[in-house]
Number of protein chains: 2
Amino acid sequence: MQTEKPSPLNPLNPEIIIAAHQRIKPYIHRTPVLQSRQLGELMGAEVFIKCENLQKVGAFKMRGAANAVFSLKEADRKKGVATHSSGNHAQALALAARLAGVPAYIVMPKTAPKVKVAAVKEYGAEVIFCEPTLQARESTLEEVVARTGATFIHPYNNEQVIAGQATAAKELFEQVEGPLDVVLTPVGGGGLLSGTVLAARCFSPATKVWAGEPAGADDAYQSLKAGKLIPQSAPNTIADGLLTSLGDKTWTIISQGVEQIIPVTEEEIIAAMRFLWERMKLVVEPSGAVPLAAALKEKGVLKGKRIGIIISGGNVDLSKLPF
Amino acid sequence: MQTEKPSPLNPLNPEIIIAAHQRIKPYIHRTPVLQSRQLGELMGAEVFIKCENLQKVGAFKMRGAANAVFSLKEADRKKGVATHSSGNHAQALALAARLAGVPAYIVMPKTAPKVKVAAVKEYGAEVIFCEPTLQARESTLEEVVARTGATFIHPYNNEQVIAGQATAAKELFEQVEGPLDVVLTPVGGGGLLSGTVLAARCFSPATKVWAGEPAGADDAYQSLKAGKLIPQSAPNTIADGLLTSLGDKTWTIISQGVEQIIPVTEEEIIAAMRFLWERMKLVVEPSGAVPLAAALKEKGVLKGKRIGIIISGGNVDLSKLPF
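Residues numbered from 1 in each chain as written. Chains lettered and ligands numbered in written order. Predicted model: local features only at pLDDT ≥ 70, side-chain atom pairs only at ≥ 80, totals over all residues. Heavy atoms only, no water.

### Notes on the interface of chain A and chain B
Reasoning step 1: Each side of the interface is counted separately: chain A has 26 residues, and chain B has 26 residues.
Reasoning step 2: Together, Arg37, Lys281 and Leu318 of chain A form the three largest contributors to the area buried by chain A at its contact with chain B, with a combined 33%.
Reasoning step 3: Summed over the shared surface of chain A and chain B, the number is four salt bridges.
Reasoning step 4: A salt bridge links Glu122 of chain B to Arg279 of chain A; the shortest N-O distance between them is 3.7 Å.
Reasoning step 5: In this structure, the connection of chain A to chain B is made through ten residue pairs in polar contact (both at pLDDT 80 or more).
Reasoning step 6: Residue assignment for the side of chain A that touches chain B shows that the elements contributing at least two residues are helix H2 (37–43), helix H5 (88–100) and helix H12 (266–278) of chain A. (Contact = heavy atoms within 4.5 Å. Buried area = accessible area lost by both parts, 1.4 Å probe. Salt bridge = Lys/Arg side-chain N within 4 Å of Asp/Glu carboxyl O. Polar contact = N/O pair within 3.5 Å; in protein donor to acceptor, adjacent residues only side chain to side chain. Helix = DSSP H or I, 4+ residues; strand = E, 2+ residues; numbered from the N terminus.)

### Topic: the relation of the copies chain A and chain B
Reasoning step 1: Superposing chain A onto chain B takes a rotation of 180° plus a shift of 0.0 Å along the axis, which leaves an RMSD of 0.0 Å. The transformation just described matches what one would write down for a two-fold rotation axis. Looking at the rotation axis and the C-alpha trace of chain A, the residue lying nearest is Leu282 of chain A, at 2.6 Å.
Reasoning step 2: Interface overlap between copies: 100% of the residues of chain A at the interface are likewise at the interface in chain B, consistent with a symmetric, same-surface contact. (Least-squares fit on C-alpha atoms with pLDDT ≥ 70 in both.)

### What about the side chain of Asn53 of chain B?
Reasoning step 1: For Asn53 of chain B, the position within the fold is in the loop between strand S2 (46–51) and helix H3 (61–71).
Reasoning step 2: Contact partners of Asn53 of chain B, with chain neighbours within four places excluded, come to Lys281 of chain A together with Gly58, Leu282, Val283, Val284, Ile311, Ser312, Gly313 and Gly314 of chain B.

### Considerations on the packing of aromatic side chains
Reasoning step 1: Per the stated rule, a full pass over the model turns up five aromatic pairs over all chains.
Reasoning step 2: Considering the side-chain rings of Tyr27 of chain A and Phe70 of chain A, the 4.0 Å spacing of their centres and the 10° angle between planes classify their relative orientation as stacked. Linking Tyr27 of chain A in the loop between helix H1 (15–24) and strand S1 (33–34) with Phe70 of chain A in helix H3 (residues 61–71), this pair joins segments that are 43 residues apart in sequence.
Reasoning step 3: Taking the relative accessible area as the measure of exposure, Tyr27 of chain A reaches 22% and is therefore partly exposed.
Reasoning step 4: For Phe70 of chain A, a relative accessible area of 12% corresponds to the buried category.
Reasoning step 5: Three or more aromatic residues link up through ring pairs in this structure, and these residues are Trp277 and Phe323 of chain A together with Trp277 and Phe323 of chain B.
Reasoning step 6: Directly above the aromatic system of Phe203 of chain A lies the positively charged group of Lys170 of chain A, at a separation of 5.8 Å from the ring centroid. (Phe/Tyr/Trp six-rings, centres within 6.5 Å; stacked < 30°, edge-to-face > 60°. Buried < 20%, exposed > 50% of the residue type's maximum accessible area, 1.4 Å probe, protein only. Lys NZ or Arg CZ within 6 Å of the ring centre and 35° of its normal.)

### Concerning the sheet that holds strand S6 (residues 151–152) of chain A
All names here are of chain A.
Reasoning step 1: On the basis of which strands lie adjacent, the open sheet formed by four strands has the order S5-S4-S3-S6 and parallel pairing. Two strands bound the open sheet, and with one partner strand each, they are strand S5 (126–130) and S6.
Reasoning step 2: By the bridge criterion, five bridges tie strand S4 (residues 104–109) to S5 in an arrangement that is parallel. Paired with Tyr105 across the strands is Glu126, a residue of S5. (Pairing = 2+ DSSP bridges.)

### Notes on the nonpolar core
It is characteristic of soluble globular proteins that their nonpolar side chains tend to be buried jointly.
Reasoning step 1: Counting 74 residues, the largest nonpolar core has Trp277 of chain A together with Trp277 of chain B as its most contacted members.
Reasoning step 2: The residues contacting Trp277 of chain A, other than those within four sequence positions of it, are Leu282, Val283, Val284, Val316, Leu318, Leu321 and Phe323 of chain A together with Trp277, Val283 and Leu318 of chain B. (Core = buried A, V, L, I, M, F, W, Y, C linked by side-chain atoms within 4.5 Å.)

### Here's the deal with the environment of Val161 of chain A
Residue and element names in this part refer to chain A.
Reasoning step 1: Relative to the helices and strands, Val161 resides in helix H8 (residues 159–175).
Reasoning step 2: Expressed as a C-alpha distance, the spacing of Val161 and Leu134, which sit 27 residues apart in the sequence, is 22 Å.
Reasoning step 3: Among residues more than four places away in sequence, those in contact with Val161 are Gly64, Ala68, Ile153, His154, Pro155 and Tyr156.

### Looking at the packing of helix H1 (residues 15–24) of chain B against H3 of chain B
Residue and element names in this part refer to chain B.
Reasoning step 1: In the contact formed by H1 and H3, the axes pass within 9 Å of each other and the chain directions differ by 90°. With respect to their mutual orientation, H1 and H3 come out roughly perpendicular. On H3, the residues touching Ala20, His21, Arg23 and Ile24 of H1 are Arg63, Ala66, Asn67, Phe70 and Ser71.
Reasoning step 2: Its residues assigned to classes, the contact of H1 with H3 shows four nonpolar, three polar and two charged. (Axes fitted to C-alpha atoms, helices over the stretch in contact; angles between N-to-C directions. Parallel < 35°, antiparallel > 145°, perpendicular 65-115°, else oblique. Nonpolar A, V, L, I, M, F, W, Y, C, P; charged D, E, K, R; others polar.)

### Re the pairing of strand S10 (residues 306–311) of chain B
Reasoning step 1: Along S10 of chain B, six of the six residues are buried, which leaves the element largely enclosed by surrounding structure.
Reasoning step 2: Residues Arg306, Gly308 and Ile310 of chain B point to one face of S10 of chain B and Ile307, Ile309 and Ile311 of chain B to the other, with burial holding for every one of them.

### Description of the pattern of salt bridges
For side chains bearing opposite charge, pairing can occur when the charged atoms are close.
Reasoning step 1: The tally for this structure, following the rule as stated, stands at 28 salt bridges over all chains.
Reasoning step 2: In this structure, Arg98 of chain B and Glu41 of chain A form a salt bridge, with 2.8 Å as the shortest nitrogen-oxygen distance. Of this pair, Arg98 of chain B sits in helix H5 (residues 88–100) while Glu41 of chain A sits in helix H2, on two different chains.
Reasoning step 3: Judged by relative accessible area, Arg98 of chain B falls into the partly exposed class, the value being 36%.
Reasoning step 4: Exposure remark for Glu41 of chain A: the relative accessible area of 48% places this residue in the partly exposed category.
Reasoning step 5: For Glu41 of chain B, the salt bridge goes to Arg37 of chain B, with nearest N and O atoms at 2.8 Å. You can see Glu41 of chain B and its partner Arg37 of chain B sitting in helix H2 (residues 37–43), four residues apart, about one turn around the helix.

### Considerations on the environment of Val264 of chain B
Reasoning step 1: Structurally, Val264 of chain B can be placed in strand S9 (residues 260–264).
Reasoning step 2: Distance from Val264 of chain B to Ser86 of chain B, taken between C-alpha atoms, is 24 Å for residues 178 residues apart in sequence.

### What to know about unusual backbone geometry
Reasoning step 1: With a phi close to 50°, Ala234 of chain A is a non-glycine residue in the positive phi region.
Reasoning step 2: Along the chain, the position of Ala234 of chain A falls in the loop between helix H10 (219–226) and helix H11 (248–257).

### Some details on helix H6 (residues 114–122) of chain A
All names here are of chain A.
Reasoning step 1: All of the buried residues along H6 are Val117, Ala119 and Val120. Down the axis of H6, the buried side of the element spans an arc of 160°, and every buried residue falls inside it. Residues of H6 that are exposed and point more than 90 degrees away from the buried face comprise Lys114 and Val115.
Reasoning step 2: Close packing links the buried residues of H6 with H5, S4 and S5.
Reasoning step 3: A positive backbone phi angle near 90° is found at Gly124, which sits one or two residues after H6. (Arc of directions from axis to C-beta.)

### Notes on the pairing of strand S8 (residues 208–214) of chain B
All names here are of chain B.
Reasoning step 1: Most of S8 sits inside the fold, with six of its seven residues counted as buried.
Reasoning step 2: Pairing geometry for strand S7 (residues 182–186) and S8, over five bridges, is parallel. Residue Leu184 lies in a different strand from S8, and its bridge partner there is Trp210.
Reasoning step 3: In the classification by handedness, the crossover that spans S7, the intervening helix H9 (residues 191–203) and the parallel S8 is right-handed.
Reasoning step 4: Strand direction decides the pairing type here: S8 and S9, joined by five bridges, are parallel. Directly across from Pro214, in S9, lies its bridge partner Val264. (Right-handed = clockwise from strand over helix to strand, strands pointing away.)

### Some details on the packing of H9 of chain B against helix H11 (residues 248–257) of chain B
Residues and elements named next belong to chain B.
Reasoning step 1: Interhelical geometry of H9 versus H11 gives an angle of 50° and a closest axis separation of 9 Å. With respect to H11, the element H9 is oriented oblique. Crossing handedness for the pair H9 and H11: left-handed. Taking contact as the criterion, the partners of Gly191, Leu193, Ser194, Val197, Leu198 and Arg201 in H9 are, on H11, Thr250, Ile253, Ile254 and Gly257.
Reasoning step 2: Partitioned by chemical class, the residues of the contact of H9 with H11 number five nonpolar, four polar and one charged. (Left-handed = near helix turned anticlockwise from the far one by under 90°.)

Structure, rendered in structure tokens:
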């Protein structure tokens, strides 16, 4: 009789997430959970907003990056960490490396917005520019890793990153009195969503996990419907943090633990974003508003329920608001 | 030998504030206190941001309004409450009255922005329009009170309102581990500032109380310098919550308990506001950014200190941002 080697992220192994949380606590914010009377009335439900837009670097990505960096063995950590990203993971990895006192090497397309390049440099990371193609990105990263001995930290398809992201939902469950019926996150590469699945299975097993996804980048929705991983092609959405495809590690967890993925339109994303800004006084990026858009879309089904919503980030260019 | 009759808001009488807090807790948010690594580095100090922009109706005003409404005797409360305001106090009083199940009558100039009128009506209050003059405002309010028997709740020159506003600083002292050296608020009519003085004397006596004030509406600064109440004339500032003069009740407390008032320019207000939006992901109105502008201006003196800053509100028209 054969037994499969259990994944270290097996849902029956909450110690991984507990250890991750313990490891990163000194380097992250325990972000607040807010409620809005108006949102409660609008939904006919009790809604708890977990504000990862108020996390360090303005996104939940700090959790996974910090766990990945501080999980490395001393000898490896010293050589630093590397990634390719022009988004929140780049800033998060740069800051986590700085807090650990080790170098960070960030590969960015030379077309990346200057403000994002500046933010990563501000955290003390070395930026290596490449042509804006997948091939150039990967070959440049390989060169950097070969040259420096740095460890590649994938933005989401990495078990330490996933375990770090799981701590957002773990905190949410701790902060809310009584069980939640549903918890919603956005889904792009799936790091936050897969982490939330694991946290729910470990710490709040009765809670269902749903995700919101832009209809213009709905690979996770299509994958869950087809029962197999379907990569994203030609995404088109204002939610620029959710353009990527799932990875094999995140897909495995998501396919087993997510009850449904709700595609939302651009208009629904912008309306949810506006609600968060105007009524809840939170600066939230379009990607961060996606799970609220999904909850509002499904408010009929969610009526009378207790709902947690993880707002993933708040990094947005104030001069380019959609309202 | 004569003894003066002690004011119920005497700083030696913390029970008033404790009772106010107990009374309003079911109707307000215990708003989070946030820290920012970047702000700490910028200031060279430990800074704690008390987020009253995340309070109900988007401003600390909910505290004072709730305390005033729920302090009324049953017979008076039933007849409702009235005020003249087109700002945050109007919305706060409307919501507090709704939560108490009693009517609210809000006198507003017929020139008030439609969005503010709509917000007050949304809370179920009756709006009574008047000509946009001080005389019309007061005579209209008198008529309303005579007609309805409602109790007039002044926006700041009212002891129950001041006791309610004091609970913001009381919470801040409870939420921060260890004593603060300085706490800063904005100052307009002085309700939040005088409440903060009382809370500091009662619960954190070593903490100095400072305020930021727009240079274009610096009656409190001028009054403190002259040692007598000097009313505001022709205010001119983007911080539209801070246009009014101090009242005699707020002035008495402020003149005895505020160490300094720091006037800040429009540019400094906007820069502080931008920092709060961009870096801390908080939607803050110009008035709410004033104490941060003051702290940044005085960062030389504040170096190495532990500083609390009360962000007063977040009600701002997204289509009219100064950046």
